[in-house]
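Chain and residue survey
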Amino acid sequence: MSKLSDRINNLSESQTLAMAKKSRELQAQGKDIISLSIGEPDFDTPQFIKDAGKRAIDNNVTHYTPVAGILELRKAIAAKFKRDNGLNYNFDQIIVSTGAKQSIANVILSMINPGEEVIVPIPYWVSYIETIKLAEGIPVTIPTSIDSNFKITPEQLKKAITPKTKMMVFSTPCNPSGSVYSKEELKALASVIIEFPDLYVISDEIYEYINFGGKHESLAQFDFIYDRVITVNGVSKGFAMTGWRIGYIGAPKWIADACDKMQGQFTSGTSSVSQMAAMAGIQAEPSITYEMRDAFQRRRDLVLKLMQEIPGMKTNVPEGAFYIFPDISYYFGKAYDGYRIKNSNDLSEFLLEQGNVALVSGDAFGDDNCIRFSYATSEDKLIEAVRRIKAALALLK
Ligand code: PMP
Ligand code: GLU
(Lines give C-alpha, C1' and ligand atoms only; values in the text may rest on other atoms or scores of the structure.)
(Ligands and ions follow the chains in the order given, each with its own letter.)
Protein backbone atom coordinates (compact mmCIF):
# COMPACT_ATOMS: atom_id res chain seq x y z
CA MET A 1 0.00 0.00 0.00
CA SER A 2 1.34 3.44 -0.93
CA LYS A 3 1.96 5.64 2.10
CA LEU A 4 0.65 8.67 0.30
CA SER A 5 -2.74 8.93 -1.36
CA ASP A 6 -3.17 8.35 -5.09
CA ARG A 7 -4.51 11.89 -5.11
CA ILE A 8 -1.21 13.44 -4.09
CA ASN A 9 0.88 10.89 -5.99
CA ASN A 10 -0.93 11.83 -9.19
CA LEU A 11 -0.54 15.56 -8.61
CA SER A 12 2.35 17.26 -10.41
CA GLU A 13 4.38 19.90 -8.64
CA SER A 14 3.69 23.48 -9.78
CA GLN A 15 6.41 24.05 -12.40
CA THR A 16 6.45 27.81 -11.87
CA LEU A 17 7.08 27.38 -8.15
CA ALA A 18 9.52 24.51 -8.74
CA MET A 19 11.66 26.65 -11.03
CA ALA A 20 11.54 29.57 -8.59
CA LYS A 21 12.66 27.21 -5.80
CA LYS A 22 15.49 25.84 -7.92
CA SER A 23 16.70 29.39 -8.72
CA ARG A 24 16.64 30.32 -5.03
CA GLU A 25 18.64 27.20 -4.15
CA LEU A 26 21.26 27.92 -6.81
CA GLN A 27 21.44 31.56 -5.68
CA ALA A 28 21.94 30.38 -2.08
CA GLN A 29 24.88 28.29 -3.29
CA GLY A 30 26.43 31.51 -4.59
CA LYS A 31 25.48 31.11 -8.26
CA ASP A 32 24.66 34.29 -10.11
CA ILE A 33 21.23 33.25 -11.42
CA ILE A 34 18.80 35.70 -13.00
CA SER A 35 15.35 34.32 -12.34
CA LEU A 36 12.71 35.13 -14.91
CA SER A 37 10.75 32.13 -13.75
CA ILE A 38 8.11 33.24 -11.29
CA GLY A 39 5.26 35.53 -12.22
CA GLU A 40 5.50 38.04 -9.43
CA PRO A 41 5.77 41.84 -9.58
CA ASP A 42 9.15 43.00 -8.29
CA PHE A 43 7.55 46.17 -6.90
CA ASP A 44 6.80 46.54 -3.21
CA THR A 45 3.20 46.83 -2.03
CA PRO A 46 2.18 50.54 -2.12
CA GLN A 47 2.71 52.31 1.20
CA PHE A 48 -0.96 53.21 1.84
CA ILE A 49 -1.86 49.51 1.56
CA LYS A 50 0.89 48.50 3.97
CA ASP A 51 -0.34 51.22 6.36
CA ALA A 52 -3.85 49.76 6.22
CA GLY A 53 -2.40 46.37 7.16
CA LYS A 54 -0.50 47.92 10.09
CA ARG A 55 -3.62 49.74 11.26
CA ALA A 56 -5.53 46.46 11.18
CA ILE A 57 -3.00 44.93 13.56
CA ASP A 58 -3.09 47.97 15.88
CA ASN A 59 -6.89 47.94 15.85
CA ASN A 60 -6.91 44.26 16.75
CA VAL A 61 -8.48 43.10 13.51
CA THR A 62 -6.71 39.87 14.32
CA HIS A 63 -9.54 37.46 14.91
CA TYR A 64 -11.25 34.98 12.63
CA THR A 65 -13.28 36.83 10.03
CA PRO A 66 -16.46 35.51 8.41
CA VAL A 67 -15.35 32.58 6.22
CA ALA A 68 -16.42 34.39 3.04
CA GLY A 69 -14.50 37.54 3.99
CA ILE A 70 -15.05 40.73 6.00
CA LEU A 71 -18.42 42.20 5.00
CA GLU A 72 -16.95 45.64 4.30
CA LEU A 73 -14.38 44.08 1.97
CA ARG A 74 -17.01 42.05 0.11
CA LYS A 75 -18.99 45.27 -0.37
CA ALA A 76 -15.84 47.05 -1.57
CA ILE A 77 -15.22 44.24 -4.08
CA ALA A 78 -18.83 44.49 -5.30
CA ALA A 79 -18.28 48.24 -5.81
CA LYS A 80 -15.02 47.55 -7.64
CA PHE A 81 -16.74 45.09 -10.00
CA LYS A 82 -19.31 47.78 -10.77
CA ARG A 83 -16.77 50.61 -11.13
CA ASP A 84 -14.16 48.80 -13.25
CA ASN A 85 -16.09 46.08 -15.05
CA GLY A 86 -19.72 47.18 -15.14
CA LEU A 87 -20.62 43.94 -13.31
CA ASN A 88 -23.44 43.73 -10.81
CA TYR A 89 -22.52 41.42 -7.98
CA ASN A 90 -24.17 41.68 -4.59
CA PHE A 91 -21.80 41.22 -1.63
CA ASP A 92 -23.22 37.73 -1.03
CA GLN A 93 -22.01 36.68 -4.48
CA ILE A 94 -18.42 37.45 -3.49
CA ILE A 95 -16.07 35.08 -1.69
CA VAL A 96 -12.64 36.19 -0.54
CA SER A 97 -9.96 33.49 -0.49
CA THR A 98 -6.29 32.85 0.16
CA GLY A 99 -5.26 34.02 -3.30
CA ALA A 100 -6.93 33.58 -6.67
CA LYS A 101 -5.31 30.16 -6.70
CA GLN A 102 -7.60 29.07 -3.90
CA SER A 103 -10.56 30.85 -5.49
CA ILE A 104 -10.08 28.71 -8.60
CA ALA A 105 -9.59 25.52 -6.59
CA ASN A 106 -12.76 26.25 -4.58
CA VAL A 107 -14.81 26.57 -7.74
CA ILE A 108 -13.38 23.54 -9.50
CA LEU A 109 -13.67 21.32 -6.42
CA SER A 110 -17.19 22.59 -5.79
CA MET A 111 -18.45 22.03 -9.33
CA ILE A 112 -16.59 19.20 -11.04
CA ASN A 113 -17.61 15.58 -10.60
CA PRO A 114 -15.37 12.68 -11.61
CA GLY A 115 -15.39 12.20 -15.38
CA GLU A 116 -16.73 15.66 -16.21
CA GLU A 117 -14.79 17.56 -18.83
CA VAL A 118 -13.22 20.96 -18.41
CA ILE A 119 -12.05 22.87 -21.47
CA VAL A 120 -8.71 24.60 -21.10
CA PRO A 121 -7.23 26.61 -23.96
CA ILE A 122 -3.48 26.17 -24.48
CA PRO A 123 -1.32 27.79 -23.26
CA TYR A 124 -2.85 27.58 -19.78
CA TRP A 125 -1.72 28.59 -16.34
CA VAL A 126 -0.04 25.60 -14.68
CA SER A 127 -2.47 25.12 -11.81
CA TYR A 128 -5.68 24.77 -13.85
CA ILE A 129 -4.92 21.28 -15.12
CA GLU A 130 -3.71 19.89 -11.81
CA THR A 131 -6.70 21.26 -9.92
CA ILE A 132 -9.07 19.72 -12.47
CA LYS A 133 -7.26 16.41 -12.04
CA LEU A 134 -7.54 16.73 -8.27
CA ALA A 135 -11.31 16.97 -8.73
CA GLU A 136 -11.08 13.87 -10.98
CA GLY A 137 -12.30 15.94 -13.91
CA ILE A 138 -10.90 15.52 -17.39
CA PRO A 139 -9.02 18.45 -18.89
CA VAL A 140 -9.77 18.91 -22.58
CA THR A 141 -7.29 21.26 -24.18
CA ILE A 142 -7.68 23.46 -27.26
CA PRO A 143 -4.46 24.18 -29.14
CA THR A 144 -3.49 27.67 -30.28
CA SER A 145 -0.28 29.05 -31.71
CA ILE A 146 1.66 32.23 -32.04
CA ASP A 147 -0.10 32.79 -35.38
CA SER A 148 -3.52 32.99 -33.70
CA ASN A 149 -2.00 35.20 -31.01
CA PHE A 150 -2.56 32.24 -28.65
CA LYS A 151 -6.33 32.81 -28.66
CA ILE A 152 -9.07 30.29 -29.39
CA THR A 153 -11.86 30.85 -31.91
CA PRO A 154 -15.59 30.26 -31.28
CA GLU A 155 -15.43 27.38 -33.78
CA GLN A 156 -12.67 25.69 -31.79
CA LEU A 157 -14.65 26.09 -28.59
CA LYS A 158 -17.79 24.64 -30.11
CA LYS A 159 -15.87 21.65 -31.46
CA ALA A 160 -14.39 20.89 -28.02
CA ILE A 161 -17.78 20.74 -26.27
CA THR A 162 -19.24 17.27 -25.63
CA PRO A 163 -22.19 16.11 -23.50
CA LYS A 164 -19.69 15.70 -20.65
CA THR A 165 -18.43 19.28 -20.75
CA LYS A 166 -19.10 21.15 -17.52
CA MET A 167 -16.71 24.05 -17.55
CA MET A 168 -14.09 26.11 -19.32
CA VAL A 169 -11.19 27.86 -17.57
CA PHE A 170 -9.13 30.59 -19.16
CA SER A 171 -7.30 33.80 -18.33
CA THR A 172 -7.41 37.22 -19.98
CA PRO A 173 -4.85 38.81 -19.93
CA CYS A 174 -3.32 35.35 -20.27
CA ASN A 175 -0.60 33.78 -18.23
CA PRO A 176 1.69 32.71 -20.01
CA SER A 177 1.04 34.31 -23.42
CA GLY A 178 0.06 37.84 -22.38
CA SER A 179 -2.81 37.68 -24.90
CA VAL A 180 -5.89 39.76 -24.19
CA TYR A 181 -9.34 38.94 -25.56
CA SER A 182 -11.20 41.92 -27.03
CA LYS A 183 -14.87 42.61 -26.28
CA GLU A 184 -15.86 41.25 -29.71
CA GLU A 185 -13.82 38.07 -29.20
CA LEU A 186 -15.38 37.49 -25.78
CA LYS A 187 -18.85 38.10 -27.16
CA ALA A 188 -18.24 35.53 -29.90
CA LEU A 189 -17.18 32.97 -27.26
CA ALA A 190 -20.18 33.90 -25.10
CA SER A 191 -22.48 33.21 -28.06
CA VAL A 192 -21.19 29.64 -28.14
CA ILE A 193 -21.37 29.20 -24.37
CA ILE A 194 -25.03 30.23 -24.24
CA GLU A 195 -25.95 27.38 -26.59
CA PHE A 196 -24.91 24.85 -23.91
CA PRO A 197 -26.99 25.33 -20.75
CA ASP A 198 -24.78 23.13 -18.56
CA LEU A 199 -21.54 24.92 -19.38
CA TYR A 200 -19.90 27.29 -16.86
CA VAL A 201 -16.80 29.40 -17.31
CA ILE A 202 -14.09 30.50 -14.91
CA SER A 203 -12.85 33.81 -16.28
CA ASP A 204 -9.53 34.42 -14.56
CA GLU A 205 -8.96 38.16 -14.73
CA ILE A 206 -6.15 38.49 -12.20
CA TYR A 207 -3.99 40.50 -14.65
CA GLU A 208 -6.80 43.02 -15.27
CA TYR A 209 -4.69 46.02 -14.28
CA ILE A 210 -1.69 44.94 -16.36
CA ASN A 211 -3.23 45.61 -19.75
CA PHE A 212 -1.34 47.71 -22.30
CA GLY A 213 -4.06 47.88 -24.91
CA GLY A 214 -6.74 49.84 -23.12
CA LYS A 215 -9.84 48.83 -21.21
CA HIS A 216 -10.11 45.40 -19.61
CA GLU A 217 -13.11 43.41 -20.79
CA SER A 218 -14.87 40.92 -18.49
CA LEU A 219 -16.68 37.89 -19.86
CA ALA A 220 -19.57 38.29 -17.40
CA GLN A 221 -20.47 41.69 -18.93
CA PHE A 222 -22.74 39.94 -21.44
CA ASP A 223 -26.05 39.68 -19.62
CA PHE A 224 -27.06 36.52 -21.44
CA ILE A 225 -24.21 34.50 -19.86
CA TYR A 226 -23.74 36.44 -16.60
CA ASP A 227 -25.13 33.56 -14.55
CA ARG A 228 -22.72 31.08 -16.19
CA VAL A 229 -19.54 32.95 -15.37
CA ILE A 230 -17.36 32.89 -12.29
CA THR A 231 -15.17 35.98 -12.39
CA VAL A 232 -11.86 35.45 -10.59
CA ASN A 233 -9.64 38.32 -9.55
CA GLY A 234 -7.26 39.27 -6.76
CA VAL A 235 -4.70 41.77 -5.55
CA SER A 236 -1.47 39.80 -6.09
CA LYS A 237 -0.57 41.17 -9.49
CA GLY A 238 -2.15 44.62 -9.91
CA PHE A 239 -1.24 45.82 -6.41
CA ALA A 240 2.02 43.86 -6.00
CA MET A 241 0.55 41.94 -3.06
CA THR A 242 1.53 38.33 -3.79
CA GLY A 243 2.56 37.57 -0.21
CA TRP A 244 -0.65 38.89 1.36
CA ARG A 245 -2.64 36.04 -0.26
CA ILE A 246 -5.95 37.61 -1.21
CA GLY A 247 -8.06 36.56 -4.19
CA TYR A 248 -11.79 36.60 -4.78
CA ILE A 249 -14.66 35.54 -6.99
CA GLY A 250 -17.88 37.13 -8.16
CA ALA A 251 -20.31 34.35 -9.07
CA PRO A 252 -23.91 33.18 -9.02
CA LYS A 253 -24.90 32.96 -5.35
CA TRP A 254 -25.24 29.18 -5.31
CA ILE A 255 -21.63 28.84 -6.50
CA ALA A 256 -20.44 31.45 -4.00
CA ASP A 257 -22.25 29.55 -1.22
CA ALA A 258 -20.53 26.31 -2.25
CA CYS A 259 -17.12 28.00 -2.13
CA ASP A 260 -17.96 29.44 1.30
CA LYS A 261 -18.74 25.92 2.52
CA MET A 262 -15.57 24.55 0.91
CA GLN A 263 -13.22 27.03 2.54
CA GLY A 264 -15.13 26.74 5.81
CA GLN A 265 -13.58 23.29 5.99
CA PHE A 266 -10.21 24.12 4.40
CA THR A 267 -9.03 27.49 5.70
CA SER A 268 -11.77 29.24 7.75
CA GLY A 269 -11.22 32.17 5.38
CA THR A 270 -8.08 34.18 4.82
CA SER A 271 -5.98 36.52 6.98
CA SER A 272 -7.86 39.38 8.63
CA VAL A 273 -4.88 41.73 8.31
CA SER A 274 -4.47 40.97 4.62
CA GLN A 275 -8.16 41.57 4.02
CA MET A 276 -7.95 45.05 5.54
CA ALA A 277 -4.86 45.86 3.47
CA ALA A 278 -6.48 44.55 0.28
CA MET A 279 -9.55 46.67 0.95
CA ALA A 280 -7.43 49.84 0.87
CA GLY A 281 -6.14 48.89 -2.59
CA ILE A 282 -9.51 47.85 -3.96
CA GLN A 283 -11.17 51.06 -2.77
CA ALA A 284 -8.45 53.28 -4.26
CA GLU A 285 -8.60 54.71 -7.76
CA PRO A 286 -7.20 52.12 -10.21
CA SER A 287 -4.89 54.88 -11.49
CA ILE A 288 -2.59 54.14 -8.54
CA THR A 289 -1.59 50.96 -10.39
CA TYR A 290 -0.74 52.70 -13.68
CA GLU A 291 2.87 53.43 -12.80
CA MET A 292 3.58 49.72 -12.35
CA ARG A 293 1.66 48.88 -15.52
CA ASP A 294 3.66 51.42 -17.50
CA ALA A 295 6.92 50.02 -16.17
CA PHE A 296 5.82 46.53 -17.29
CA GLN A 297 5.01 47.88 -20.73
CA ARG A 298 8.46 49.50 -21.06
CA ARG A 299 10.06 46.21 -20.05
CA ARG A 300 7.94 44.28 -22.53
CA ASP A 301 9.06 46.60 -25.32
CA LEU A 302 12.67 46.28 -24.22
CA VAL A 303 12.62 42.47 -24.10
CA LEU A 304 10.82 42.19 -27.44
CA LYS A 305 13.43 44.45 -29.04
CA LEU A 306 16.33 42.51 -27.52
CA MET A 307 14.80 39.18 -28.52
CA GLN A 308 14.74 40.19 -32.15
CA GLU A 309 18.51 39.82 -32.09
CA ILE A 310 18.27 36.14 -31.11
CA PRO A 311 18.14 33.85 -34.14
CA GLY A 312 15.13 31.53 -34.30
CA MET A 313 13.20 33.09 -31.45
CA LYS A 314 9.66 33.81 -32.65
CA THR A 315 7.51 36.14 -30.55
CA ASN A 316 4.13 37.83 -30.76
CA VAL A 317 3.36 41.09 -29.00
CA PRO A 318 1.76 40.34 -25.62
CA GLU A 319 -0.84 42.95 -24.71
CA GLY A 320 -0.98 42.32 -20.99
CA ALA A 321 0.37 40.49 -17.91
CA PHE A 322 4.20 40.36 -17.65
CA TYR A 323 5.16 37.37 -19.71
CA ILE A 324 6.55 36.68 -23.16
CA PHE A 325 6.05 33.20 -24.55
CA PRO A 326 8.37 32.82 -27.54
CA ASP A 327 8.44 29.79 -29.82
CA ILE A 328 11.91 28.29 -29.45
CA SER A 329 11.40 25.08 -31.45
CA TYR A 330 14.13 26.28 -33.86
CA TYR A 331 16.62 24.95 -31.31
CA PHE A 332 15.17 21.43 -31.11
CA GLY A 333 17.64 18.87 -32.47
CA LYS A 334 20.63 21.16 -31.88
CA ALA A 335 23.33 20.14 -29.38
CA TYR A 336 26.22 21.43 -27.31
CA ASP A 337 28.91 19.29 -25.73
CA GLY A 338 26.85 16.11 -26.20
CA TYR A 339 23.64 17.62 -24.76
CA ARG A 340 20.90 17.56 -27.38
CA ILE A 341 17.80 19.75 -27.06
CA LYS A 342 14.69 17.68 -27.65
CA ASN A 343 12.03 19.83 -26.00
CA SER A 344 11.33 22.99 -24.02
CA ASN A 345 12.38 21.33 -20.77
CA ASP A 346 15.81 20.51 -22.19
CA LEU A 347 16.14 24.09 -23.35
CA SER A 348 15.22 25.60 -19.99
CA GLU A 349 17.69 23.23 -18.26
CA PHE A 350 20.36 24.23 -20.77
CA LEU A 351 19.72 27.96 -20.27
CA LEU A 352 19.95 27.50 -16.52
CA GLU A 353 23.21 25.54 -16.77
CA GLN A 354 24.94 27.48 -19.53
CA GLY A 355 23.27 30.88 -19.21
CA ASN A 356 22.46 31.11 -15.51
CA VAL A 357 18.96 32.28 -16.43
CA ALA A 358 15.84 30.57 -15.07
CA LEU A 359 12.78 30.39 -17.33
CA VAL A 360 9.80 28.03 -17.27
CA SER A 361 9.46 25.50 -20.09
CA GLY A 362 6.38 25.83 -22.30
CA ASP A 363 5.56 22.22 -21.56
CA ALA A 364 4.28 23.31 -18.12
CA PHE A 365 1.71 25.50 -19.90
CA GLY A 366 0.76 22.88 -22.51
CA ASP A 367 2.87 24.18 -25.41
CA ASP A 368 6.20 22.43 -25.71
CA ASN A 369 7.36 24.67 -28.59
CA CYS A 370 7.58 27.66 -26.28
CA ILE A 371 9.29 28.92 -23.17
CA ARG A 372 8.05 31.51 -20.67
CA PHE A 373 9.92 34.69 -19.72
CA SER A 374 8.55 36.65 -16.80
CA TYR A 375 9.80 40.18 -17.33
CA ALA A 376 8.72 41.38 -13.88
CA THR A 377 12.24 42.43 -12.99
CA SER A 378 14.54 45.42 -13.50
CA GLU A 379 15.58 46.59 -16.97
CA ASP A 380 19.26 46.00 -16.11
CA LYS A 381 18.57 42.40 -15.20
CA LEU A 382 16.47 41.90 -18.33
CA ILE A 383 19.25 43.25 -20.55
CA GLU A 384 21.79 40.98 -18.89
CA ALA A 385 19.43 37.96 -19.00
CA VAL A 386 18.79 38.31 -22.72
CA ARG A 387 22.53 38.76 -23.33
CA ARG A 388 23.22 35.52 -21.47
CA ILE A 389 20.43 33.66 -23.26
CA LYS A 390 21.73 34.81 -26.63
CA ALA A 391 25.27 33.71 -25.79
CA ALA A 392 24.13 30.31 -24.52
CA LEU A 393 21.90 29.65 -27.51
CA ALA A 394 24.77 30.52 -29.85
CA LEU A 395 26.59 27.45 -28.48
CA LEU A 396 23.90 25.13 -29.85
CA LYS A 397 24.83 23.67 -33.25
N1 PMP B 1 -4.31 32.92 -12.08
C2 PMP B 1 -3.24 33.20 -12.84
C3 PMP B 1 -3.41 33.23 -14.32
C4 PMP B 1 -2.01 33.47 -12.26
O5 PMP B 1 -0.95 33.75 -13.02
C6 PMP B 1 -1.88 33.44 -10.86
C7 PMP B 1 -0.52 33.72 -10.29
N8 PMP B 1 -0.16 33.19 -9.18
C9 PMP B 1 -3.03 33.13 -10.11
C10 PMP B 1 -4.22 32.88 -10.75
C11 PMP B 1 -3.03 33.04 -8.62
O12 PMP B 1 -2.69 34.21 -7.99
P13 PMP B 1 -2.79 34.39 -6.41
O14 PMP B 1 -3.09 33.06 -5.81
O15 PMP B 1 -1.46 34.92 -6.00
O16 PMP B 1 -3.88 35.37 -6.19
N1 GLU C 1 1.20 32.88 -11.11
C2 GLU C 1 2.62 33.01 -10.97
C3 GLU C 1 3.31 32.25 -12.07
O4 GLU C 1 2.68 31.75 -12.94
C5 GLU C 1 3.09 32.66 -9.59
C6 GLU C 1 3.42 31.23 -9.32
C7 GLU C 1 2.22 30.40 -9.17
O8 GLU C 1 1.35 30.75 -8.39
O9 GLU C 1 2.16 29.42 -9.90
O10 GLU C 1 4.49 32.17 -12.08
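Computed from a predicted model, the values in this text were never measured in an experiment.

**Description of the sheet that holds strand β3 (residues 117-121)**
Sheet architecture is open: 7 strands sit in the order β2-β8-β7-β6-β5-β3-β4, paired in mixed fashion. Two strands lie at the open edges of the sheet, namely β2 (94-97) and β4 (138-142), each paired on one side alone. Between one strand axis and the next, the sheet turns by 20 degrees as a mean value, whatever way the strands run. Sitting on the sheet, helix α4 (residues 71-85) is in contact with β2, β7 (229-234) and β8 (247-250), with an inclination near 115 degrees to β2. Here helix α6 (residues 126-134) sits on the sheet in contact with β3, β4, β5 (165-171) and β6 (200-204), set at roughly 150 degrees to β4.

**Some thoughts on the sheet that holds strand β13 (residues 360-361)**
Here we have 3 strands laid out as an open sheet, ordered β9-β14-β13, and antiparallel in their pairing. Every other strand in the sheet has two partners, leaving β9 (323-324) and β13 as the edge strands with one partner each. With 2 bridges connecting them, β9 and strand β14 (residues 371-374) associate as antiparallel partners. Bridged to Ile324 within β14 is Phe373. Against the sheet, helix α12 (residues 344-355) makes contact with β13 and β14, and its axis sits at roughly 45 degrees relative to β14, the strand it touches most.

**Brief notes about the packing of aromatic side chains**
Two aromatic rings are characterised by how far apart their centres lie and by the angle between their planes. A full pass over the atoms with the stated rule returns 18 aromatic pairs. Note on Phe170 and Tyr181: the rings are 5.6 Å apart at their centroids and 85 degrees apart in plane angle, and the pair reads as edge-to-face. With Phe170 in strand β5 and Tyr181 in the loop between β5 and α8 (183-193), this pair connects stretches of sequence that are 11 residues apart. By relative accessible area, which is 5% here, Tyr181 ends up buried. Taken together, a centroid distance of 6.2 Å and an interplanar angle of 70 degrees make the contact between Tyr336 and Phe350 edge-to-face. Remark: Phe350 occurs in helix α12 and Tyr336 occurs in strand β10 (residues 335-336); sequence separation between them is 14 residues. Residue classification places Tyr336 among the partly exposed positions, given a relative accessible area of 27%. Take Phe350: its relative accessible area is 3%, and that puts it in the buried class. Ring pairs connect the aromatic residues Phe43, Tyr207, Phe296, Phe322 and Tyr323, which therefore count as one cluster.

**Re the pattern of salt bridges**
Scanning all chains against the criterion turns up 20 salt bridges. Through salt bridges with shared partners, a single ionic network connects Asp32, Glu384, Arg387 and Arg388.

**Examining the site of ligand 2**
In the neighbourhood of ligand 2, the contacting residues comprise Ser14, Thr16, Leu17, Ile38, Gly39, Lys101, Trp125, Asn175, Lys237, Tyr323 and Arg372. At a separation of 2.8 Å, an oxygen atom of ligand 2 approaches a polar side-chain atom of Arg372. The protein chains hide 89% of the 280 Å² of surface that ligand 2 would expose on its own. Class assignment for the residues of the shell around ligand 2 results in 4 nonpolar, 4 polar and 3 charged.

**Quick word on the site of ligand 1**
Taken together, Gly99, Ala100, Lys101, Trp125, Tyr128, Asn175, Asp204, Ile206, Tyr207, Ser236, Lys237 and Arg245 make up the full set of residues adjacent to ligand 1. Between ligand 1 and Asp204 there is a distance of 2.6 Å, counted from a nitrogen atom to a side-chain nitrogen or oxygen. A total of 390 Å² of accessible area belongs to ligand 1 in isolation, and the protein chains cover 93% of it. Grouping the constituent residues of the shell around ligand 1 by class yields 5 nonpolar, 3 polar and 4 charged.

**Here's the deal with a nonpolar patch on the surface**
On the surface, Leu4, Ile8, Leu11 and Leu134 cluster together into a nonpolar patch covering about 320 Å² of accessible area. For Leu11, the location among the structural elements is in the loop between α1 (6-9) and α2 (15-28). The exposure class of Leu11 is partly exposed, given its relative accessible area of 31%.

So, how was this worked out
- Residues numbered from 1 in each chain as written.
- Chains lettered and ligands numbered in written order.
- Predicted model: local features only at pLDDT ≥ 70, side-chain atom pairs only at ≥ 80, totals over all residues.
- Heavy atoms only, no water.
- Pairing = 2+ DSSP bridges.
- Helix = DSSP H or I, 4+ residues; strand = E, 2+ residues; numbered from the N terminus.
- Axes fitted to C-alpha atoms, helices over the stretch in contact; angles between N-to-C directions.
- Contact = heavy atoms within 4.5 Å.
- Phe/Tyr/Trp six-rings, centres within 6.5 Å; stacked < 30°, edge-to-face > 60°.
- Buried < 20%, exposed > 50% of the residue type's maximum accessible area, 1.4 Å probe, protein only.
- Salt bridge = Lys/Arg side-chain N within 4 Å of Asp/Glu carboxyl O.
- Near = heavy atom within 4 Å.
- Polar contact = N/O pair within 3.5 Å; in protein donor to acceptor, adjacent residues only side chain to side chain.
- Areas by Shrake-Rupley, 256 points an atom, 1.4 Å probe, with all protein chains shown as cover.
- Nonpolar A, V, L, I, M, F, W, Y, C, P; charged D, E, K, R; others polar.
- Patch = residues over 30% accessible without salt bridge, like charges linked within 9 Å, V, L, I, M, F, W, Y side chains within 5 Å.

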